[in-house]
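Okay, here's what each chain looks like letter by letter:
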Amino acid sequence: MLDASEAGGEKIMDTPTLRILDTLSSNLGDSLSIKKLTERIRENYGTAYYANIYQKLQKLKKEDLLSLDLIGRSTNVKLNFQNYLLIDTLAEMEIEKKKNFLTKRNEQLLFLSEIDKRLNDTCAIRSISAIHPTKNIKLNKIELLFLLRKTPEYHNETLQLYKEMLKLQKKYNLKINSLIIDRDDFYDLLTSDEINPLREALSEEITFFCPQTFWSEIKKVAEKTEIKTIRTETKPANISDLDLTYNLNRFGYKQFGTILEKAQKFCIEYMTTAILLQDDARLIEAIPIILAKNSFKSNLMAFLSQKFETDGKLLGLLKILQTIKPDREVNETIVLLETLNAEEIPVDEESILQKMRLYNAL
């Protein structure tokens, strides 16, 4: 995955190209004119000049890495996923981003090198990325996105990855949150019209391990449907009452006396986390109901509960739900949370049972 030689050495990509490709790949689905692209680069890097960006775009267009489409008086800039060599170029971009990130961060070099040693023989791993790495490292934490093959041993391999990350977390005194998903979940989350952590993660990530594979997977999705990344990162505690009410109704829990208004769509895992962060017993009892009525992704639920420290509350609710209405996804999430050493916070089973009956969730 990584060795000391990759943290230095000559650049494999010039700075203007790196900044253009990084900005475009972080804003998939956005309609970026040359002017808007220049503004985004300036926001991210502090400086950018329209004339220089324009010249470099013409060169990248000649290489068939980009498409420049005239829309009215503006030129829309997009990555050309039809070009076979684009994936290699984006992999080079990720390597350059990795080198830039690791400059003067020797402790992270040691950490990532150890991940490589521990996981080098794990054949199920297709790629590993760091989510919002610059911001997170300042908070002494790292969020890792693991993309895995879907194999018969997928669940056991996931548990083993969590165990390895707990060991590294203890060794390096670094908070590690891991989002582990297979290719099917990767596709589902990228193409969803709901706000979810994966769509947000693509706006700022560095793929440290197998970037070519990572971008090949994105290419497969982009060839079938449009991908739209989300630039802002959701803080579940700040999800508005309007959004809570609207999404709870979507998932089968209508609060009595509320007026339903159109709002933003959030994934069920974000909604569950948002409710757990509130001290509202009535709302918390909605969680077993919506989870009983809808499918959810156990690894995404575990990631969010780990990140926002709601794992104990979630574990207590899931154990009651599994007693009342056994389900494979619920059981797998319980196992994941217990692997992550979540300490169960007990809940009132009888109260939840009554609420589930009321909402026909049994």
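On a predicted model such as this, the values are computed, not experimentally measured, just so you know.

Student: Got a minute to help me understand the pattern of salt bridges in this structure?
Tutor: If charged atoms from side chains of opposite charge come close, those side chains can pair. Counted under the stated rule, the structure contains 31 salt bridges. Linking Glu217 and Arg183 is a salt bridge whose minimum nitrogen-to-oxygen distance equals 3.1 Å. Note that Glu217 is positioned in helix α10 (residues 211–224) and Arg183 in helix α8 (residues 183–191), a separation of 34 residues in sequence. A relative accessible area of 5% means that Glu217 is categorised as buried. The class for Arg183 is partly exposed, based on a relative accessible area of 32%. Note that Asp193 is salt-bridged to Lys265, the shortest N-O span being 2.9 Å. Taken together, the residues Asp193 in the loop between α8 and α9 (197–201) and Lys265 in the loop between α11 (241–250) and α12 (268–276) connect sequence positions 72 residues apart. A cluster of three or more residues bridged by salt bridges with shared partners is formed by Glu114, Arg118, Glu164, Lys167 and Lys171.

Student: Can you help me understand helix α4 (residues 86–102) in this one?
Tutor: Three- or four-residue spacings in an α-helix give side chains the same orientation, since the helix completes a turn every 3.6 residues. In a regular helix each residue adds 1.5 Å, so 17 residues correspond to 24 Å; α4 covers 24 Å between its end C-alpha atoms and thus fits that length. For α4, the tally of buried residues reaches 13 of 17 residues, placing the bulk of the element in the interior. Remark: Lys104 follows α4 within two positions and exhibits a positive phi of approximately 65°.

Student: I would appreciate a short explanation of the side chain of Thr272 in the present structure.
Tutor: Along the chain, Thr272 turns up in helix α12. Apart from the residues within four sequence positions on either side, Thr272 is in contact with Ile287, Ile290, Leu291, Met301 and Leu314.

Student: Would you explain the sheet that holds strand β1 (residues 32–33) in this entry?
Tutor: Strands pair in a sheet through their backbones, by hydrogen bonds, and they do so in one of two ways: parallel or antiparallel. Sheet architecture is open: three strands sit in the order β1-β3-β2, paired in antiparallel fashion. What marks the edges here is a single partner per strand, and that holds for β1 and β2 (66–71). Inspection of the sheet shows β1 paired to strand β3 (residues 74–79) by two bridges, in the antiparallel sense. Looking at β3, one finds that Leu32 is bridged to Val77. Docked against the sheet, helix α1 (residues 15–26) engages β1, β2 and β3, running at close to 85° with respect to β3.

Student: I keep staring at the packing of α4 against α10 and nothing clicks. Help me out?
Tutor: Geometry of a packed helix pair, given as the angle between the helix axes and the separation of the axes. At a minimum axis distance of 8 Å, the contact between α4 and α10 shows a crossing angle of 130°. Judged on the interaxial angle alone, α10 and α4 are oblique. Seen along the crossing, α4 lies across α10 with a hand that is right-handed. Of the residues in α10, those touching α4 at Ile87, Asp88, Leu90, Ala91, Met93 and Glu94 are Pro211, Gln212, Trp215, Ser216 and Lys219.

Student: Help me understand the packing of aromatic side chains in this model?
Tutor: Note on aromatic pairs: each is described by the distance of the centres and the angle between the planes. Taken as a whole, this structure holds seven aromatic pairs when the rule is applied. Both rings, one in Phe186 and one in Phe214, keep their centres 6.1 Å apart while their planes meet at 65°; by these two values the pair is edge-to-face. With a gap of 28 residues between them, Phe186 in helix α8 and Phe214 in helix α10 connect regions that are remote in the sequence. Each of the two residues, Phe186 as well as Phe214, counts as buried. Ring centres 4.4 Å apart and planes at 25° place the aromatic pair Tyr253 and Tyr359 in the stacked group. Here the residue Tyr253 occupies a position in the loop between α11 and α12, and Tyr359 occupies one in the segment after α18 (349–358), the gap between them amounting to 106 residues. Side by side, Tyr253 and Tyr359 carry an identical accessibility label, which is buried. Through successive ring pairs, a cluster of aromatic residues spans Phe186, Phe214 and Trp215. Over the aromatic face of Phe251 sits the side chain of Arg250, whose NZ or CZ is 4.7 Å from the ring centroid.

Reading the values: the criteria
Here the residue numbering is sequential within each chain, running from 1 through the sequence in written order. Note on the predicted model: pLDDT of at least 70 is required for a residue's local features to be given, and 80 or more for side-chain atom pairs to be given and counted; whole-chain, interface and lining totals, by contrast, use all residues. For the side-chain quantities, the full set of heavy atoms in the structure was used; hydrogens and water were omitted. In the sections that follow, a salt bridge refers to a side-chain nitrogen of Lys or Arg positioned within 4 Å of a carboxyl oxygen of Asp or Glu. Numbering of helices and strands starts at the N terminus; helices are DSSP runs of H or I of at least 4 residues and strands are runs of E of at least 2. Using a 1.4 Å probe on the protein chains alone, a residue whose accessible area is under 20% of its type maximum counts as buried, one over 50% counts as exposed, and one in between counts as partly exposed. Working rule for helices: expected span equals 1.5 Å times residues minus one. We call two residues in contact whenever any of their non-hydrogen atoms come within 4.5 Å of each other. If DSSP finds at least two bridges between two strands, the strands pair. Comment: axis = line fitted to C-alpha atoms, over the contacting stretch for helices; angle = value between 0 and 180 degrees taken between N-to-C directions. Roughly parallel means an angle under 35 degrees; roughly antiparallel means over 145; roughly perpendicular covers 65 to 115; every other angle is labelled oblique. Less than a right angle of anticlockwise turn of the near helix away from the far helix marks a crossing as left-handed, whereas a clockwise turn marks it as right-handed. Here a pair means two rings of Phe, Tyr or Trp (six-membered ring of Trp) with centres within 6.5 Å. Their orientation is stacked below 30 degrees between planes, edge-to-face above 60, and tilted elsewhere. Any Lys NZ or Arg CZ found within 6 Å of a ring centre and within 35 degrees of that ring's normal is scored as a charge over the ring.

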